[in-house]
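Chain residues, written in single-letter form:
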Amino acid sequence: MQECKSPSVGIWWFYYDDVLFADSVEVEKGLPYGDCIAGLSDHADYWDKLNAGGELNKIPPLLRSEYFYIPRGRVVFHKDTGRYTILHGGLKKRELNKIRKFFCIPKELTDYDTDFHYSILI
């Protein structure tokens, strides 16, 4: 787990009870997306970077072919409310809490939203 410095936004994959891969950036360095601030990358492009760097060797070969075989999601910051949302495909509260801590987000400013876009497609 990374050491928290300040709240961040971005994408993540959750595997074997921890954040396995993530591309996070401090909120101030994120990209505007409507009324939100999002991270700098999407899952498909970042998966290709992980593959090129050999990082996907950390997971079983059957899971390496597609980025959506592992639970994933996104953290965004809402400029209008000052709150964060962790978008996910149906993780448990304990798992979501680990993601919240990974992104250094205060519990009292965090919302969770199930988004079927992030559901595992196998």
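Q: Break down helix α2 (residues 93-102) for me, with residues and values.
A: Among the residues of α2, those classed as buried are Glu95, Leu96, Ile99, Arg100 and Phe102. One side of α2 carries all its buried residues, which in axial view fall inside an arc of 160 degrees. Contacts from the buried residues of α2 go to β1 (8-15), β2 (18-26), β5 (72-78), β6 (83-88) and β7 (110-114). Positive backbone phi, at 60 degrees, marks Cys104, one or two positions downstream of α2.

Q: Which residues make up the layout of surface pockets, and what values go with them?
A: The volume enclosed by the largest pocket comes to roughly 160 Å³. Looking at the largest pocket, the residues that line it are Leu31, Pro32, Tyr33, Cys36, Ala38, Gly39, Ser41, Arg74, Val76 and Leu87. Only β3 (31-33), β4 (36-38) and β5 provide two or more residues apiece to the lining of the largest pocket. Top contributing element to the lining of the largest pocket by residue count: β3, with three residues. Of the residues in the lining of the largest pocket, the class split is seven nonpolar, two polar and one charged.

Q: Tell me about the nonpolar core, and name the residues and values.
A: Formed by 17 residues in total, the largest nonpolar core has its most connected members in Val9, Trp12, Val75, Ile99 and Phe103. When residues of this core are traced back to their parent elements, those giving at least two are β1, β2, β5, β6 and α2. Counting residues in hydrophobic clusters, the runner-up holds 11 residues, among them Tyr15, Trp47, Ile59 and Ile70.

Conventions used here
- Residues numbered from 1 in each chain as written.
- Predicted model: local features only at pLDDT ≥ 70, side-chain atom pairs only at ≥ 80, totals over all residues.
- Heavy atoms only, no water.
- Buried < 20%, exposed > 50% of the residue type's maximum accessible area, 1.4 Å probe, protein only.
- Helix = DSSP H or I, 4+ residues; strand = E, 2+ residues; numbered from the N terminus.
- Arc of directions from axis to C-beta.
- Contact = heavy atoms within 4.5 Å.
- 1 Å grid on protein atoms, 1.4 Å probe; cavity = no way out; pocket = protein on both sides within 12 Å on 5 of 7 lines; lining within 4 Å.
- Points joined across faces, edges and corners; volume = space filled by probe spheres on them.
- Nonpolar A, V, L, I, M, F, W, Y, C, P; charged D, E, K, R; others polar.
- Core = buried A, V, L, I, M, F, W, Y, C linked by side-chain atoms within 4.5 Å.

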